[in-house]
Amino acid sequence: MANREMAVYCFDTLVCHYNNDETPPPAFDDANHPLFVTWKKIVNGGEPRLRGCIGTLEARRLISGFKDYALTSALRDRRFPPIQSKELPFLQCTVSVLTDYETAEDYLDWEVGKHGIIIEFTEPVSNTKRSATYLPEVPAHEGWTKIEAIDSLVRKAGYNGEITESVRRRIHLTRYQSTLFSMHYSEYISYVKATRGGVAPAINGTSKPAMAFS
């Protein structure tokens, strides 16, 4: 199960990266699972905007996996510029632990809001192999039907041709489920103060934690 301590560990990892410090040991048990780390930015109470989301569909040790992907998703998601330390007060971290992988009968054999999906297919003309995934919350958040989610995922995989029923029927779909936990930076600061002697982490050598003033 994804939990608060996993999100704390991801914030710890990012904060210590900016401070060039050692990351405190995590407060959760290690295990083998596929996982994702998602960073979103919330400004002035607006809709959270994606700032990075990277993970692995292969099982990894959770401690090393969250440490690696906390930084990879924050700093090396090619869709976005690297997250800067001044953005910390506006960040929300979501950790996802993936479970229950199943081979679907066809590209519609899954439920919106319950399953994440992995599609794999070969382009009809070039025979290029393509693959992509959406976590369970993505199609539900976007309000997509199954076909809309599949077509969007086909584009995400890099296919630029016409999406026909014939293309959809080429898809090999794997469905999975996940547990997730989301934490805002302000909640992280409160957690650190409550569990580590009332001392909030300083950023970039300052004596005070980074705080939002907007």
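From a predicted model like this one, the values you see are computed outputs, not experimental measurements. (Residues numbered from 1 in each chain as written. Predicted model: local features only at pLDDT ≥ 70, side-chain atom pairs only at ≥ 80, totals over all residues. Heavy atoms only, no water.)

Caption draft 1: Layout of the overall build of the protein chain. From N to C terminus, the protein chain includes 6 helices and 6 strands. Along the protein chain, from the amino end to the carboxyl end, the secondary structure elements read α-β-β-α-β-β-β-α-α-α-β-α. Scaling as 2.2 N^0.38, a compact globule of 214 residues should have a C-alpha radius of gyration of about 17 Å, and the protein chain matches this with 19 Å. Split into buried and exposed, the 214 residues of the protein chain put 45% on the buried side. Long-range pairs, those at least 24 residues apart, make up 71% of the contacts in the protein chain with a sequence separation of at least 6. (Helix = DSSP H or I, 4+ residues; strand = E, 2+ residues; numbered from the N terminus. Rg over C-alpha atoms; globule rule 2.2 N^0.38 Å. Buried < 20%, exposed > 50% of the residue type's maximum accessible area, 1.4 Å probe, protein only. Contact = heavy atoms within 4.5 Å.)

Caption draft 2: Spatial organisation of the packing of helix H1 (residues 4–19) against helix H2 (residues 62–75). Two numbers describe how H1 lies on H2: the axes approach to 9 Å, and their chain directions differ by 55°. Taken together, H1 and H2 sit at an angle that is classed as oblique. Considering how the two elements wind past one another, H1 and H2 form a crossing that is right-handed. Side by side, H1 and H2 meet where Met-6, Tyr-9, Cys-10, Thr-13, Leu-14, His-17 and Tyr-18 of the first sit next to Leu-62, Ile-63, Phe-66, Lys-67, Ala-70, Leu-71, Ala-74 and Leu-75 of the second. For the contact of H1 with H2, the class distribution of residues is 12 nonpolar, 2 polar and 1 charged. (Axes fitted to C-alpha atoms, helices over the stretch in contact; angles between N-to-C directions. Parallel < 35°, antiparallel > 145°, perpendicular 65-115°, else oblique. Left-handed = near helix turned anticlockwise from the far one by under 90°. Nonpolar A, V, L, I, M, F, W, Y, C, P; charged D, E, K, R; others polar.)

Caption draft 3: Fine view of the sheet that holds strand E6 (residues 172–184). The 6 strands lie next to each other as E2-E1-E3-E6-E4-E5, forming an open sheet whose pairing is antiparallel. Only two strands of the sheet have a single neighbouring strand rather than two, namely strand E2 (49–61) and strand E5 (129–134). If you compare each strand with its neighbour and ignore which way they point, the axes differ by 25° on average. Relative to E6, strand E4 (residues 116–122) runs antiparallel, the two being bridged by 5 bridges. Among the inter-strand pairings, Gly-116 is bridged to a residue of E6, identified as Tyr-176. Running over the sheet, H2 touches strand E1 (32–41), E2 and strand E3 (91–103) and is turned about 150° from E2. The strands that helix H4 (residues 146–156) touches are E4, E5 and E6; relative to E5, the one it contacts most, it runs at about 125°. (Pairing = 2+ DSSP bridges.)

Caption draft 4: Spotlight on the packing of aromatic side chains. Under the counting rule described, the total for this entry stands at 9 aromatic pairs. Their ring planes at 40° and their centres at 5.5 Å tell us that Tyr-134 and Trp-144 sit as a pair that is tilted. In this pair, Tyr-134 is assigned in strand E5 and Trp-144 in the loop between helix H3 (137–142) and H4, connecting sequence segments 10 residues apart. Following the ring pairs from residue to residue traces out a cluster consisting of Phe-11, Trp-39, Tyr-185 and Tyr-188. (Phe/Tyr/Trp six-rings, centres within 6.5 Å; stacked < 30°, edge-to-face > 60°.)

Caption draft 5: Spatial organisation of the environment of Asp-21. Residue position: Asp-21 is located in the loop between H1 and E1. Of the residues examined, Asp-21 reaches a relative accessible area of 48% and is grouped as partly exposed. With 115 residues separating them along the chain, Asp-21 and Pro-136 place their C-alpha atoms 34 Å apart.

Caption draft 6: Just H4, in detail. Looking at H4, one finds that the buried residues are Ala-149, Ile-150, Asp-151, Leu-153 and Val-154. Lining the buried residues of H4 we find E4, E5, H3, helix H5 (165–168) and E6. Phi turns positive one or two residues past the end of H4, at Gly-158, with a value near 105°.

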